[in-house]
Amino acid sequence: MNAPKSPLTLAEQERRNDLAQRKPHVAAKLARIAEMEERGEISPIIRLEKSYLCNFRCSHCSAEYYMDRHLGKVLKVVDARHKMDPADIRRLSREADELGLARFAITGGEPLVMKDFDAVVAAIDPDRHYVVTDTNGWFLDHARARHLQAIGVDKVQLSLDHIIEAEHDRFRNKPGSWKRVMRAIDASLEAGLNLLLATVLVRNAASTPEFRALCRFATERGVALYVSYAKPTGACSAHPELVISKKDADTLRELEKEYRVFTHMTPSYGSFKGCITMKGILTVTSTLEVTPCPYIDMSLGNLAETPLKEILARGMKNPWVGPHRPDCIIGEDPDFIQLHADKTRNVKFLPLPWGKGFSEHDVLLSAADAPAPDEAALFDAHGRCLPHPEETMAHHASRRRFVCPQPALAYPEIFGRIQSRLGGSLSEQEFIGRVEAITKRLSARPEVANLLRGAHVPFFLPRSEPACGMDDLGSALEERYLPAVADAFVECFPAYRFTRHDKSSLAEKLTAAPEGRHQRLLDAMQEDDVVGLYFPCLTEYALPAARRRVVQLPPEFLLAGGFDTCAALMGSPDLLFDPQAYPPLLWLSGLEAEKAHIGYHFEAYGYNLTFNRRAHLGENSEYWAHALVVLG
């Protein structure tokens, strides 16, 4: 298991110290982001699309349909909507500052063709906010870079789509653009600007030697490479062949281990937001519409009519973009991609305003998609635990987008992996016999038999002794069980890794949740070896809803906690391993954390396994899952 270490490199710490000297108010706000996330608040970067003027015509451009050249020359219409002015920017700056938001990115279009660029920076107020500008680099020479630094710009995000000059120029449809980017890299570094290279990943590119060479180039220059997925919007909607697959995304996650490369999905400083839509970024268009992502052409509200605070709350409540999720919603979720295409098709003036695209009535699936009620069955045909009819914090209809794959039920191998790490006096024959008895008992009861249709794995836990730390569940989890999970996972998948993102001690932080029945498992461990079946079947439930549901089930069902989840992952390290789809985040729902709105969980990150903590706030996500345990 990875040893705890400082989340900041020496260079990053030096940059933060410099920022604290130059912009103390901004540095203080950035330092408080972790506290905000601990409370369940968000601190997104605000992308400001003041102008869509651009000297390039990129094939993948998501902003092309917003541009005057497209509206005038292609659609032959005039956009009469109010356009953002300096007063609007100053008001937005104040609202963002009051909410503790700290970062603005000036984008477009190409920001450096804007005649009023300096005025936009001044309206944002560099003393209040960390200021970034995107650029294709065409106009960024040494003099311009020094000027940007002098007026308060902190960081430049510079587009570089290929390490090969001809390929970059072809992708950007601009001969000579690669040479200008190379000049802009030198100019930015010489001016003391924080530099970030940005590239667009297209299908199958992540596995090529050329893309690896681009990652190596950035790393050797001491510059991070931000990778954006090609998405089927804007000009790229005519090029679906560019849209990535999950294999591309997972390949990129592996490259993060070797190079200074990251995406909008990458864990940052211990924070795992998943898709940063709303949580980490939002866009303000030239007409003051707020979209939850640069690539989503549907607004959550207009700042001329609705305060930023209200729009943020509206977005976080939206079932598509608010909850945590591990995939890129507009780049990988086919249902949302289709919904977005249907709603925006033939629309001249983007984005769609609130109520016509997103609305307060949005649902992932309608009530008509819910399974037909069957009072006798407690589990559906896929093994999912059916929510109580009156439960409001669980999805009654499931898309089954985030489900665990069924590992191979090779009982001797499962037993061997657990026994070699936890010990105990239980024999393999007794383990198999007790597991088969549980299976037989469940399959004979019509109301619960469907449970076996879903993913399930056997596990055992040896009889506890005082030295095992049963008086402190957190310490035992940290010192014994998590290292054993890490060891089993790496043994099974030597090319990948187990990472514990939260570095704080678990000592004295975890207790059995009273309503989850988990204490029965802990009590049983005091008496004898425990054998059970583990079912990650409470998918798409808020954590409190999972605890409410378990007390409505027959008494042999317990909510899984730490030891049993770890044993399940020791025996079946592939429970959250799925190269083809995204498995769910798995909460330790039977355990109460040190704060009521905080929870601990296992989560896949590409081909890797992670352990972390985060605020759940008692809210639901399609991505959440909880497990039931049956002992025997």
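Each value, and the rule that gives it
- Residues numbered from 1 in each chain as written.
- Predicted model: local features only at pLDDT ≥ 70, side-chain atom pairs only at ≥ 80, totals over all residues.
- Heavy atoms only, no water.
- Helix = DSSP H or I, 4+ residues; strand = E, 2+ residues; numbered from the N terminus.
- Buried < 20%, exposed > 50% of the residue type's maximum accessible area, 1.4 Å probe, protein only.
- Contact = heavy atoms within 4.5 Å.
- Areas by Shrake-Rupley, 256 points an atom, 1.4 Å probe, with all protein chains shown as cover.
- Lys, Arg positive; Asp, Glu negative; His and termini not counted.
- Charge placed at Lys NZ, Arg CZ, Asp CG, Glu CD.
- Pairing = 2+ DSSP bridges.
- Right-handed = clockwise from strand over helix to strand, strands pointing away.
- Polar contact = N/O pair within 3.5 Å; in protein donor to acceptor, adjacent residues only side chain to side chain.
- Core = buried A, V, L, I, M, F, W, Y, C linked by side-chain atoms within 4.5 Å.
- Salt bridge = Lys/Arg side-chain N within 4 Å of Asp/Glu carboxyl O.
- Axes fitted to C-alpha atoms, helices over the stretch in contact; angles between N-to-C directions.
- Parallel < 35°, antiparallel > 145°, perpendicular 65-115°, else oblique.
- Nonpolar A, V, L, I, M, F, W, Y, C, P; charged D, E, K, R; others polar.
- Left-handed = near helix turned anticlockwise from the far one by under 90°.
- Phe/Tyr/Trp six-rings, centres within 6.5 Å; stacked < 30°, edge-to-face > 60°.
- Lys NZ or Arg CZ within 6 Å of the ring centre and 35° of its normal.
- pLDDT = per-residue confidence, 0-100.

Thoughts on the overall build of the protein chain
When helices and strands are tallied, the protein chain shows 20 helices and 19 strands. Considered along the principal axes of its C-alpha atoms, the protein chain spans approximately 75 × 50 × 45 Å. Going through the 632 residues of the protein chain one by one, you find that 59% of them count as buried. Pairs at least 24 residues apart make up 77% of the contacts formed inside the protein chain by residues separated by at least 6 positions. Of the accessible surface of the protein chain, which amounts to about 25,300 Å², a share of 52% is contributed by carbon and sulfur atoms. Side chains of the protein chain give 76 positive and 84 negative charges; the mean places of these two sets differ by 6 Å.

Some remarks on the pairing of strand β4 (residues 155-159)
Buried residues dominate β4, accounting for four of its five residues. Bridge analysis of strand β3 (residues 130-135) against β4 gives four bridges, and the strand direction is parallel. Counted as the bridge partner of D134 is Q157 from β4. Handedness of the β3-helix α7 (residues 142-151)-β4 crossover: right-handed. With five bridges connecting them, β4 and strand β5 (residues 194-201) associate as parallel partners.

Looking at the side chain of T135
Position of T135 among the secondary structure elements: in strand β3. Note on T135: relative accessible area 2%, which makes it buried. A polar contact of 3.0 Å, which involves the side chain of T135, links it to the backbone nitrogen of G137.

As for the environment of V531
Topologically, V531 is positioned in strand β13 (residues 530-539). Look at V531 and you get buried, because its relative accessible area is 0%. Along the sequence, V531 and V132 sit 399 residues apart, while their C-alpha atoms lie 55 Å from each other.

Quick notes on the nonpolar core
With 90 residues, the main nonpolar core has I46, L48, L197, L201, V284 and I296 as its most contacted residues. Ranked by residues supplied to this core, first place goes to helix α9 (residues 177-190) with six residues. Ranked by size, the runner-up nonpolar core spans 85 residues in total, among them F431, F459, F460 and A567.

Looking at the sheet that holds strand β9 (residues 290-291)
Taking strand neighbours across the sheet as the criterion, the nine strands line up as β7-β6-β5-β4-β3-β2-β1-β8-β9 in an open arrangement whose pairing is mixed. Both edges of this open sheet fall to β7 (261-262) and β9, since each of them pairs with a single strand only. With two bridges joining them, strand β6 (residues 224-229) and β7 adopt parallel strand pairing. Bridging from a neighbouring strand, L225 pairs with V261 of β7.

Description of the pattern of salt bridges
For the coordinates displayed, the defined rule picks out 45 salt bridges. Here D18 ties to R22 by a salt bridge, and the two come within 2.9 Å at their closest N and O atoms. Of this pair, D18 and R22 both sit in helix α1 (residues 10-22), four residues apart, roughly one helical turn. For R253, the salt bridge goes to D250, with nearest N and O atoms at 2.6 Å. With R253 and D250 both in helix α11 (residues 246-255) and three residues apart, this pair spans about one turn of that helix. Using a relative accessible area of 4% as the deciding quantity, one classes R253 as buried. Looking at D250, the relative accessible area reads 0%, which means it is buried. When salt bridges that share partners are traced, they join R325, D327, D333, D335, R399, R401 and E622 into one network.

Description of the side chain of H70
Positionally, H70 belongs in helix α4 (residues 68-74). Under the relative-accessibility criterion, H70 is labelled buried at 12%. For H70, the contacting residues outside a window of four places in its chain are E64, Y65 and L75.

So, the packing of helix α8 (residues 165-172) against α9
Across the interface, α8 lies against α9 with an axial gap of 8 Å and an inter-helix angle of 105°. One element, α8, and the other, α9, form an angle in the roughly perpendicular class. The residues of α9 that touch α8, namely those facing E165, H168, D169 and R172, are S177, W178, K179 and V181. Split by residue class, the contact of α8 with α9 holds two nonpolar, two polar and four charged.

Points about unusual backbone geometry
A cis geometry characterises the amide bond from G108 onward to G109, with omega recorded as 20°. Relative to the elements of secondary structure, G109 occurs in the loop between β2 (103-106) and α6 (117-124). Cis geometry marks the peptide bond from L350 to P351, where omega comes out at -5°. For P351, the location among the structural elements is in the loop between α14 (334-344) and α15 (411-422). At L288, a position not held by glycine, the phi torsion is positive, near 70°. For R517, which is not a glycine, the phi torsion comes out positive at approximately 65°.

Details of the packing of α15 against helix α17 (residues 473-492)
As a packed pair, α15 and α17 sit with axes 10 Å apart at the nearest point and diverge in direction by 135°. Put simply, α15 runs oblique to α17. Crossing of α15 over α17 shows right-handed handedness. Contacts between α15 and α17 involve R417, R421 and L422 from the former and R480, Y481, A484, D487, A488 and E491 from the latter. For the contact of α15 with α17, the per-class residue count stands at four nonpolar, no polar and five charged.

Let's talk about the packing of aromatic side chains
Two aromatic rings, taken as a pair, are described by how far apart their centres are and by the angle between their planes. Taken as a whole and judged by the stated rule, the model has 21 aromatic pairs. Pairing F56 with W138 gives two aromatic rings, centres 6.0 Å apart and planes at 80°, and the pair type is edge-to-face. Of this pair, F56 sits in the loop between β1 (45-48) and α4 while W138 sits in the loop between β3 and α7, and the two are 82 residues apart along the sequence. Both residues of the pair, F56 and W138, count as buried. What links up through ring pairs into an aromatic cluster is the set F489, F493, Y496, F577 and Y607. Over the face of the ring belonging to Y295 we find K231, whose NZ or CZ atom lies 3.8 Å from the ring centre. Note that K246 overlies the ring of Y582, its terminal NZ or CZ placed 4.9 Å from the centroid.

Topic: the confidence of the model for the protein chain
Predicted confidence across the protein chain gives a mean pLDDT of 93, with 97% of residues reaching 70 or more. For residues 1-6, every residue scores under 50 in pLDDT, and the model assigns this stretch twelve contacts once sequence neighbours within four places are set aside.

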